[in-house]
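Spelled out from the first residue to the last, the chains are:
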Amino acid sequence: DSRGGPAAAAAAAPGSSTPPADAASLVLKYVQASADHNFMVGQKLPYGTGVSWALTGAGTPGGKAAAEVLVPDVATREGVHFFRPDKAAGGLMLGAYYAVPLVGTSGEVLGMLGVDTLAAAGSGGAGGGGAGGAGGGKRGSLGSEDQEFIREMAAAVNAAIARDQQALADVVLQASLLRVDDGAAPSSGPVDLDPEGYADMPGGLRLFKEALAIMKGLTDDDLDKFRSMDKPDDATLAALRAILAAAGEVADGDWKDVRQRITRQLVDKLLKMDPHGAWAEWQALCQALRPLLEVEAEVGKLDGLMAGEEERLGTPEVTEGRGPSAGGERSSSGGGALGDAGEGLRSSAFGRALGRWLAAVRKVSAANAMKKVLEAKLAKANQALMRTFQGDGSSALTELRTYRVPPKITFQVLQAVLLLSGGSEDDCHNWGKMRILTNYKLIKRLTELKPGQAAGKLIKHCSKLTKSLDEEDVRQESMATLALFKWLQHFAKAGELLAQTSS
């Protein structure tokens, strides 16, 4: 690549039949070769020359990138480029050529791995024609086993590329965090943000869908209009910094630098990112969003900043950028924004798309993080349940079974857990039968039960019940009931969130 970095295929707009604007400067540069093909190292193949560029979609019908390039006989295939043809043979080369792409974690083509069996016409051994492969061999065909071997080699290289790209992304993120404060000293320590106030899987997926719809319709004029702002408000600039950090871009933080990074390539990158997989690690996302969190502490949460004359997106207040708090200030309009804060996220199509994309990724990431938190809490609740009810002779079980007429809360909680464990409606309305079913086998079944195994109707019933009861009232009635109640709380929360994340 004449510009340095990965092979030019990465910039060759895979999937597009239209040559990129900088096609004249794009090349495939050969960086490794077998010993008898060392002359290939350093060779450059201009954009569109030869057959290998088909791996990026160049010159193919509809611009679709080819999964492989196989030329069984280079002598009969038009367009094959030879780097060192044999002049004595009139430039005629014989043999086969095969190449497969090397791809990044997002499916982008970064380079290729190729092999050939070329020799000059009339020669008896391997030649040095170099049709674009990195290896040599006897003249002849490349069979299915040869091709499978090359594909396996490419898969190994792709795995190494994925590891390198992840390491690079980590370095870029750390660098961006040190440079987003306009020269101010960076905040020390990690961002320890509770995801509960942001978790909203349905709302996040809805916003993500809206963001993608707007982005897909953006024109060059839309981008130019956004870039033409003299200077965006602080909230919009903070959102832009956070988006660039989340996308792996390093920006110095001022508008001049950020403006240059608002490109069609950035939009394409955001379009390709999966809201579930892109930022599965909640605290890592919070580190990237640090610029936004600091501004939100002053002007309100992002959802409110995006709300203009349209329907308000209700959000909890924030204090010191560390999460929801009842002590945060809100504007009289109810949107969580003060003055013209977030104007750049409302006044243009590009701004609306960015705001929704950022809010969506945070909501989805927080919901996935909460799923892990609740799973951990449920595991601890299972352990606590086993400690409280140690065998059929435990005092806790004995207490529950001694009631001739059960207290109201105890009846409701036992009814709920028995229904979850598979008890019938009839049995769970008859205290006599409920007393018999209240044994150590019930406790074991509860600790082995997964939220995904329970019917949605039962999860809703348990959630409604636990929210209607006061923990202190349960405690005063029965400590044994309290143990079941606390388990039921964690199980219902995990079940509710699982239903959201699976929808």
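So, how was this worked out
- Residues numbered from 1 in each chain as written.
- Predicted model: local features only at pLDDT ≥ 70, side-chain atom pairs only at ≥ 80, totals over all residues.
- Heavy atoms only, no water.
- Helix = DSSP H or I, 4+ residues; strand = E, 2+ residues; numbered from the N terminus.
- Contact = heavy atoms within 4.5 Å.
- Areas by Shrake-Rupley, 256 points an atom, 1.4 Å probe, with all protein chains shown as cover.
- Phe/Tyr/Trp six-rings, centres within 6.5 Å; stacked < 30°, edge-to-face > 60°.
- Buried < 20%, exposed > 50% of the residue type's maximum accessible area, 1.4 Å probe, protein only.
- Pairing = 2+ DSSP bridges.
- Axes fitted to C-alpha atoms, helices over the stretch in contact; angles between N-to-C directions.
- Expected span 1.5 Å × (residues − 1).
- Polar contact = N/O pair within 3.5 Å; in protein donor to acceptor, adjacent residues only side chain to side chain.
- pLDDT = per-residue confidence, 0-100.
- Salt bridge = Lys/Arg side-chain N within 4 Å of Asp/Glu carboxyl O.
- Core = buried A, V, L, I, M, F, W, Y, C linked by side-chain atoms within 4.5 Å.

Enquirer: Sorry if this is basic, but what is going on with the overall build of the protein chain here?
Expert: When helices and strands are tallied, the protein chain shows 17 helices and 7 strands. Pairs at least 24 residues apart make up 67% of the contacts formed inside the protein chain by residues separated by at least 6 positions. A total of about 24300 Å² of accessible surface is found on the protein chain, and carbon and sulfur atoms cover 52% of it.

Enquirer: Sorry if this is basic, but what is going on with the packing of aromatic side chains here?
Expert: Here a ring pair, both rings aromatic, is described through the centre-centre distance and the interplanar angle of the planes. Applying the stated criterion across every chain, the model contains 6 aromatic pairs. Seen from their ring centres, Phe-226 and Phe-350 are 4.9 Å apart, and the 65° between their planes marks the pair as edge-to-face. Taken as a pair, Phe-226 in helix H3 (residues 220-227) and Phe-350 in helix H10 (residues 349-388) lie far apart in primary sequence, 124 residues in all. Given a relative accessible area of 1%, Phe-226 falls into the buried group. Judged by centre distance (6.3 Å) and plane angle (50°), the rings of Phe-411 and Trp-431 are tilted.

Enquirer: I keep staring at the sheet that holds strand E5 (residues 97-103) and nothing clicks. Help me out?
Expert: Two modes of strand pairing occur in sheets, parallel and antiparallel, and in both the strands are linked by backbone hydrogen bonds. Read from one edge of the open sheet, 3 strands run E3-E5-E6, paired in antiparallel fashion. Strands with a single pairing partner mark the edges of an open sheet, and in this sheet they are strand E3 (69-71) and strand E6 (109-116). Taken pair by pair, the neighbouring strands of this sheet meet at an average axis angle of 15°, ignoring direction. In this structure, E3 lies alongside E5, joined through 3 bridges in antiparallel fashion. Bridged to Leu-70 within E5 is Tyr-98.

Enquirer: What is the right way to look at helix H2 (residues 201-216) in this model?
Expert: An ideal rise of 1.5 Å per residue puts 22 Å on 16 residues; H2 measures up with 22 Å between its terminal C-alpha atoms. The backbone nitrogen of Gly-203 has a side-chain oxygen 3.0 Å away, supplied by the residue at the start of H2, namely Asp-200.

Enquirer: Quick question: what am I supposed to make of the environment of Asp-303 here?
Expert: Mapped onto the elements of the fold, Asp-303 is located in helix H9 (residues 302-306). The sequence separation of Asp-303 and Ala-360 amounts to 57 residues, and the corresponding C-alpha distance is 9.6 Å.

Enquirer: Explain the confidence of the model for the protein chain to me, please; I cannot follow it from the model alone.
Expert: For the protein chain, per-residue confidence averages 76 on the pLDDT scale, and residues scoring 70 or more make up 75% of the total. Mean pLDDT across the elements of the protein chain bottoms out in strand E7 (residues 119-120) (68) and peaks in helix H12 (residues 408-420) (95). Confidence drops under a pLDDT of 50 for residues 132-138, and excluding neighbours within four residues, the segment shows 28 contacts in the predicted structure. The low-confidence segment residues 309-339 (pLDDT under 50) makes 63 contacts with residues lying over four places distant or belonging to another chain.

Enquirer: Even after reading the chapter, I still don't get the side chain of Ser-348, so can you show me in this structure?
Expert: Positionally, Ser-348 belongs in the loop between H9 and H10. At 3.1 Å, the side chain of Ser-348 forms a polar contact with the backbone nitrogen of Gly-351.

Enquirer: What is the right way to look at the pattern of salt bridges in this model?
Expert: Pairing between side chains becomes possible if they bear opposite charge and their charged atoms approach one another. Considering all chains together, one arrives at 15 salt bridges under this definition. A salt bridge links Lys-467 to Glu-496, with the nearest nitrogen and oxygen atoms 3.7 Å apart. Taken together, the residues Lys-467 in helix H15 (residues 456-468) and Glu-496 in helix H17 (residues 479-502) connect sequence positions 29 residues apart. Exposure remark for Lys-467: the relative accessible area of 63% places this residue in the exposed category. Residues Glu-471 and Lys-486 are paired through a salt bridge, measuring 3.4 Å at the closest nitrogen-oxygen approach. Separated by 15 residues along the polypeptide, Glu-471 in helix H16 (residues 471-477) and Lys-486 in helix H17 bring together distant segments of the chain. Of the residues examined, Lys-486 reaches a relative accessible area of 33% and is grouped as partly exposed. Look at the salt bridges and you will find they share partners, linking Glu-471, Glu-472, Arg-475 and Lys-486 into a network.

Enquirer: Looking at this structure, how should I read helix H8 (residues 290-299)?
Expert: A turn of α-helix holds 3.6 residues, and therefore any two residues three or four places apart point the same way. For H8, a buried count of 7 out of 10 residues is recorded, marking the element as mostly surrounded by other parts of the structure. Those residues of H8 that sit buried are Arg-290, Pro-291, Leu-292, Leu-293, Val-295, Glu-296 and Val-299. The inward-facing, buried residues of H8 contact helix H4 (234-246), helix H7 (282-288), H9 and H10. Of the residues flanking the end of H8, it is Gly-300, one or two places downstream, whose phi is positive at about 105°.

Enquirer: Would you mind going over the nonpolar core with me for this structure?
Expert: Generally speaking, nonpolar side chains in soluble globular proteins are found buried as a group. Formed by 45 residues in total, the largest nonpolar core has its most connected members in Leu-385, Phe-389, Leu-420, Leu-484, Trp-487, Leu-488 and Phe-491. Put simply, the parts of the chain that give this core at least two residues each are H10, helix H11 (395-401), H12, helix H13 (431-437), helix H14 (440-448), H15 and H17. Sorting elements by how many residues they give to this core places H17 first, with 11 residues. Core analysis: the second largest hydrophobic core is formed by 44 residues, Ala-247, Leu-270, Leu-354 and Ala-360 among them.

Enquirer: Would you mind going over the environment of Ala-67 with me for this structure?
Expert: The topology assignment puts Ala-67 in the loop between strand E2 (44-46) and E3. Given the relative accessible area of 66%, Ala-67 is considered exposed. In the structure, Ala-67 is positioned 11 residues away from Thr-56 in sequence and 9.1 Å away in space, judged by C-alpha atoms. Here Ala-67 is in contact with Leu-55, Val-100 and Pro-101, once residues within four sequence places are set aside.

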